[in-house]
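Breakdown of the fold
Letter by letter, the chains look like this.
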Amino acid sequence: MDRAVQLPHTSAPHPRRRRDLALMLVAAAVLVLCTLAVDPLAVSTTEVSALRAVNDVPEVPFALAWAPMQLGSLAAVPAAALVAVAARRWRLGGALAAAGILAWLLAKLVKSVVERGRPGALVEGVILRDAPVGGLGFVSGHVAVATALAIAAWPYLALPARWAVVVLAALVGVLRMYVGAHLPLDVVGGASLGLATGAAAHLVLGRPALAPTEGGKA
């Protein structure tokens with residue numbers, strides 16, 4: 001009887017880990033490009049036009065804009081993590097906490113390095129809806145946190161819920177421009193930062209072996 005041939009052990013990373021690593025690197029590259037494109041003292045006409053397309057839309061009750069924006073607040077991080085823990089989704093809770101807190105901290109760091117102001121200080125005639133004139137705008141911490149939470153939760157959710165959290169994160173970015181708190185590059189940079197930190201959380205903590213949409217419960 002022929003002896004079985006033992007194949008050499010391979011340490012090649014799992015495809016899901018490769019995707020997370022690729023996402024983190026691409027998002028980090030986009031963040032760097034946005035940072036290089038930002039002028040702390042001036043705003044391009046293209047960026048102003050994009051801001052006005054959102055900022056100049058007809059008024060809606062402020063509560064309708066304020067409530068979704070809280071999905072990108074620091075308070076949303078422990079709230080989301082606690083919901084996951086209460087449902088006994090321990091790894092999800094850890095991923096939400098790690099990604100959200102890291103996104104918030106890194107957003108503060110990027111702000112301090114770039115030192116770009118908010119639309120009220122840089123763009124004439126911008127409509128401010130309970131948004132500060134002063135302070136630092138690049139990157140948007142709200143968008144970074146909302147995106148990080150969405151990416152951290154993504155592999156644990158069924159397909160409709162996945163797209164729902166992505167739409168909500170995108171809505172946070174649109175609303176931050178609508179209220180006059182951030183410029184378009186602030187939003188793109190914040191989303192890139194959130195993508196990177198969400199992917200990093202999966203790299204460190206792992207992700208479900210089988211996603212709900214792939215035939216089983218995560």
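The structure displayed is predicted, hence computed values, not measured ones.

1. Examining helix H5 (residues 90–114)
- When the terminal C-alpha atoms of H5 are compared, their 36 Å separation across 25 residues agrees well with the 36 Å that a helix rising 1.5 Å per residue should span.
- Taken residue by residue, H5 has Leu92, Gly93, Ala95, Leu96, Ala99, Gly100, Ala103, Ala107, Val110, Lys111 and Val114 as its buried positions.
- Positive backbone phi, approximately 60 degrees, marks Glu115, located one or two places after H5.

2. Considerations on the environment of Leu175
- Following the sequence through the fold, Leu175 ends up in helix H8 (residues 159–178).
- Ignoring any residue separated from it by four or fewer positions in sequence, one finds Leu175 in contact with Ala65, Pro68 and Met69.

3. Concerning the pattern of salt bridges
- The full count for this structure, using the stated rule, is four salt bridges.
- Salt-bridge contacts for Arg129 lead to Glu59; the nearest nitrogen and oxygen are separated by 3.0 Å. Taken together, the residues span a long stretch of sequence, with Arg129 in the loop between helix H6 (119–122) and helix H7 (141–153) and Glu59 in the loop between helix H2 (45–55) and helix H3 (62–69) at a distance of 70 residues.
- Classification of Arg129 by relative accessible area gives buried; the value is 8%.

4. Examining the packing of H7 against helix H9 (residues 184–205)
- Between H7 and H9, whose axes approach to 7 Å, the crossing angle comes to 35 degrees. H9 is crossed by H7, and the crossing has right-handed handedness. Along the contact surface, H7 presents Val143, Ala144, Thr147, Ala148, Ile151 and Ala152, while H9 presents Val187, Gly190, Ala191, Leu193, Gly194, Leu195, Thr197, Gly198, Ala199 and His202.
- Grouping the constituent residues of the contact of H7 with H9 by class yields 10 nonpolar, six polar and no charged.

5. Quick notes on the nonpolar core
- Ranked by internal contacts, the top residues of the largest apolar core, which has 26 residues, are Leu92, Leu96, Phe138, Val139, Leu149 and Leu193.
- Elements represented by at least two residues in this core include exactly helix H1 (15–37), helix H4 (76–86), H5, H7 and H9.
- Counting residues per element, this core draws most heavily on H5, which supplies eight residues.
- When neighbours within four sequence positions are excluded, Leu92 is seen to be in contact with Ala84, Ala152, Ala153 and Tyr156.
- Val54, Val123, Ala169 and Met177 belong to the second-largest nonpolar core, a separate cluster that totals 21 residues.

Here is what the cut-offs are and how they apply
- Residues numbered from 1 in each chain as written.
- Predicted model: local features only at pLDDT ≥ 70, side-chain atom pairs only at ≥ 80, totals over all residues.
- Heavy atoms only, no water.
- Helix = DSSP H or I, 4+ residues; strand = E, 2+ residues; numbered from the N terminus.
- Expected span 1.5 Å × (residues − 1).
- Buried < 20%, exposed > 50% of the residue type's maximum accessible area, 1.4 Å probe, protein only.
- Contact = heavy atoms within 4.5 Å.
- Salt bridge = Lys/Arg side-chain N within 4 Å of Asp/Glu carboxyl O.
- Axes fitted to C-alpha atoms, helices over the stretch in contact; angles between N-to-C directions.
- Left-handed = near helix turned anticlockwise from the far one by under 90°.
- Nonpolar A, V, L, I, M, F, W, Y, C, P; charged D, E, K, R; others polar.
- Core = buried A, V, L, I, M, F, W, Y, C linked by side-chain atoms within 4.5 Å.

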